[in-house]
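As a plain string of letters, each chain reads:
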Amino acid sequence: MIEVKGISKKFKNETAIDYKDMTFEDGKSYILLGASGCGKSTLLNMIAGILSPEKGEIIIDNVDITKISQKEKDLLRIKSIGYIFQDFKLITEMTVIDNINILRLEGVDTSRADEVLKSLDILDKKNKKVKNLSGGERQRVAIARAIVKSPDIILADEPTGNLNFAIGEAVIKQLTEIAKGKTLIAVTHDDRLCKYFDYVIDMNEMTGGKYDA
Amino acid sequence: MLKFALKNMGIKKVQIILIVISIVISAGVGVLAFNVSSQVSDGIESNAGYYSLIVGPAGSKTQLAMNSMYFTDEPLGTIPYSIVNDLLADNRVTSAIPYAMADNYNGARVIGTTSAFLKEKAIGSGDMFSDQEVCQAVIGSSIAKQNGLKVGDTIYTSHSASENSKHEKGILVVGILEETFSVYDRVVFTQIRTLWEMHDHGDGEEHEGMHATVCSILVNTKNPSYAMQLTNEYDGKVIEHDEEAFTLQAVEPMEVVRDVLSEADDTKYIVFVLCAIILIMNIIIISIITLLNMYHSAKEISLMRLIGISMKKINLLYIIQNSIIGLISTVVAFLVSRLCLVLMGDYVSSMGVVLNMSKVYLPEIFILVGIFLISVIPTVICTFVMAKRDSLAE
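How would you sum up the packing of helix α5 (residues 135-147) of chain A against helix α6 (residues 165-178) of chain A? Please name residues and give values.
All names here are of chain A. Two numbers describe how α5 lies on α6: the axes approach to 11 Å, and their chain directions differ by 15 degrees. With respect to their mutual orientation, α5 and α6 come out roughly parallel. The way α5 lies across α6 gives a crossing that is right-handed. Along its contact with α5, which presents Gly 136, Gln 139, Arg 140, Ile 143 and Ile 147, the element α6 presents Ile 167, Ala 170, Val 171, Gln 174, Leu 175 and Ile 178. Split by residue class, the contact of α5 with α6 holds seven nonpolar, three polar and one charged.

Right, dumping it as structure tokens:
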């Protein structure tokens, strides 16, 4: 379970986002909707331990990650969290399988790679360089890398942001299928994708609505 | 980790090849310069001090000494053989070895002398040529290898490079010297009368006055003061022989070699200064290349940090990568320097020194280890700085 309590994040331009308390239950899927700049991606980055809030608590399985070291946060992210980045964060000169096997540097077991790639219909692209893949295929590679380690939590930042709606919807369908039984938190501003998730959270509301574009 | 490091290097092939080439060129030049200058000095020093004085025709002291000890250049001329007997009759003299240079065998010098000339050298196979018999030879190991010669074979020497100038009389190979990595490996040694016979055409006409003449006489005395006395006596002496006047000169070889080496030392000093400049440039170039490499890798590093790879592992990855580059570069630099030694062999042998490809000097190891460290240390510093500035650490 993930609990977000009284957190606030200040940015370099001195604007601060105050978040209302939120709880994400184990095994449920959540979609965070909201306008650009309302703090959706920032919340995901704080849950992943990439950013730290100025105040408040983020409790994951009874551990307040705002109080642990960066090393422990790295360990949490590599072992328990699968993060799908909006811009994929793939090494484009490397092959699909190498982008997944990069996790082995931290001792992550990637033996399920073939199975995961198959479930995402890109097993045939396994030895292709990422630079030669389409946007939709790259997104699937990013998903594969995030879920190959069977994380308890999957965070997806605008997973369909670079795709047209048809492909984006197919990707979301696959993602929610694969993430069944895990905690999935996805950020998007496309409310047509809400039907695939257990809960919809309006982030405009959760951050006081004062960041509407 | 190693596998991933190699894969990561594979995607930067061009960049890495350029880094390796830059290190190989600078390290290779440094190692080669040191090796060649050291081997040339060692080669000259190794033959110095065998003889107390050398008596020969008037002319350049250096040419006389270098021709008689290192078979370089051309002889200054000839002097009568009778001087050998005069010297042997002198009770201050322990040995007087005649030396004549004439002819060649497939480009290798043919030296006429006595077996005493080779007393410091070991025979690898066969025996020493006889001082009583003519047309026997002991050959250097390189000549044997290059021409596929073995004991019992007959060689035909020539007066010049032309095939037509080959002597009809053959010389029997009775021994092959052990490899010495000196100019002795590329010379044919025979009894001095063999040369006289080759040049005596049987028609009573002596060819180029070879008969009963020598190019120089290598003398050993009972003590150094006798050497000084004899040098003074023979230097500038004019003797009459067969109605011909011969002006002699006598040189103390150690003195000549000392002069040559002092010039070589100046050259060596210049080489060391150049090596030091090259090494400093190396440090700068390799550091800049490494920094640029790390700068270009910033995106890749931030990507790895975001997916959870720790800074420690990333640092290790880059240190492994640069260590591999450093190792490959130093090994290739060493191999290139050895290849250059082979290529330079013919040129340096004309100076009387045979370069030994397998000869490695301790400072060369220091240079190579230094180059390796230079290629790795900037990475260690970079990764240390990156770890300190880790964007995720707060």
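Still to come is the rest of the account.
Quick rundown of helix α6 (residues 192-199) of chain B? Include the residues and the values.
Residue and element names in this part refer to chain B. Across the eight residues of α6, six count as buried, placing the element largely inside the fold. Residues Ile 192, Thr 194, Leu 195, Trp 196, Met 198 and His 199 constitute the buried set of α6. Tucked inside the fold, the buried residues of α6 contact β3 (93-105), β4 (108-113), β6 (136-139), β8 (171-177), β9 (187-191) and β10 (213-214). The backbone nitrogen of Arg 193 lies 2.8 Å from a side-chain oxygen of the residue at the head of α6, namely Gln 191.

Mind laying out a nonpolar patch on the surface, listing which residues take part and the relevant values?
Residue and element names in this part refer to chain B. Residues Val 360, Leu 362, Ile 365, Phe 366, Val 369, Leu 373, Ile 377, Ile 381, Phe 384 and Val 385 make up a contiguous nonpolar surface patch of roughly 900 Å² in combined accessible area. Structurally, Phe 366 can be placed in helix α11 (residues 362-388). Phe 366 sits in the exposed class, given a relative accessible area of 57%.

Describe in detail helix α4 (residues 82-89) of chain B, supporting the description with residues and values.
Taken as a whole, α4(B) has its buried residues at B:Ile83, B:Val84 and B:Leu87. The buried residues of α4(B) occupy an angular sector of 105 degrees when the element is viewed end-on, so they sit on one face.

Help me get a handle on the interface of chain A and chain B, residues and values and all.
Between chain A and chain B, the residue contacts involve 20 residues of the former and 19 residues of the latter. Together, the buried faces of chain A and chain B total about 2,000 Å²; carbon and sulfur atoms form 66% of this surface. Interface area lost by chain A to chain B is led by A:Met94, A:Leu105 and A:Glu106, which between them contribute 29%. Between the two partners, chain A and chain B, sit three salt bridges. Seen at the junction of chain A and chain B, the total is six residue pairs in polar contact (both at pLDDT 80 or more). When its residues are assigned to classes, the side of chain A that touches chain B shows ten nonpolar, two polar and eight charged.

Account for the pairing of β8(B), with residues named and values stated.
Residue and element names in this part refer to chain B. Of all seven residues that make up β8, six are buried, and the element is covered over most of its length. As paired elements, strand β5 (residues 123-126) and β8 share three bridges and run antiparallel to each other. Residue Gly 126 lies in a different strand from β8, and its bridge partner there is Gly 175. The sheet contact formed by β6 and β8 spans four bridges and is parallel. Bridge pairing in β8 places Gln 136 opposite Leu 172. Here two bridges tie strand β7 (residues 154-155) to β8, and the two strands are oriented antiparallel to one another. Paired with Thr 154 across the bridge in β8 is Leu 172.

Give me the lowdown on the confidence of the model for chain A, citing residues and values where you can.
When pLDDT is averaged along chain A, the result is 86; 96% of the residues meet or exceed 70. A low-confidence stretch, residues 209-213 of chain A (pLDDT under 50), is modelled with twelve contacts involving residues beyond four sequence positions or located in other chains.

Conventions adopted
Residues numbered from 1 in each chain as written. Chains lettered and ligands numbered in written order. Predicted model: local features only at pLDDT ≥ 70, side-chain atom pairs only at ≥ 80, totals over all residues. Heavy atoms only, no water. Axes fitted to C-alpha atoms, helices over the stretch in contact; angles between N-to-C directions. Helix = DSSP H or I, 4+ residues; strand = E, 2+ residues; numbered from the N terminus. Parallel < 35°, antiparallel > 145°, perpendicular 65-115°, else oblique. Left-handed = near helix turned anticlockwise from the far one by under 90°. Contact = heavy atoms within 4.5 Å. Nonpolar A, V, L, I, M, F, W, Y, C, P; charged D, E, K, R; others polar. Buried < 20%, exposed > 50% of the residue type's maximum accessible area, 1.4 Å probe, protein only. Polar contact = N/O pair within 3.5 Å; in protein donor to acceptor, adjacent residues only side chain to side chain. Patch = residues over 30% accessible without salt bridge, like charges linked within 9 Å, V, L, I, M, F, W, Y side chains within 5 Å. Areas by Shrake-Rupley, 256 points an atom, 1.4 Å probe, with all protein chains shown as cover. Salt bridge = Lys/Arg side-chain N within 4 Å of Asp/Glu carboxyl O. Arc of directions from axis to C-beta. Buried area = accessible area lost by both parts, 1.4 Å probe. Pairing = 2+ DSSP bridges. pLDDT = per-residue confidence, 0-100.

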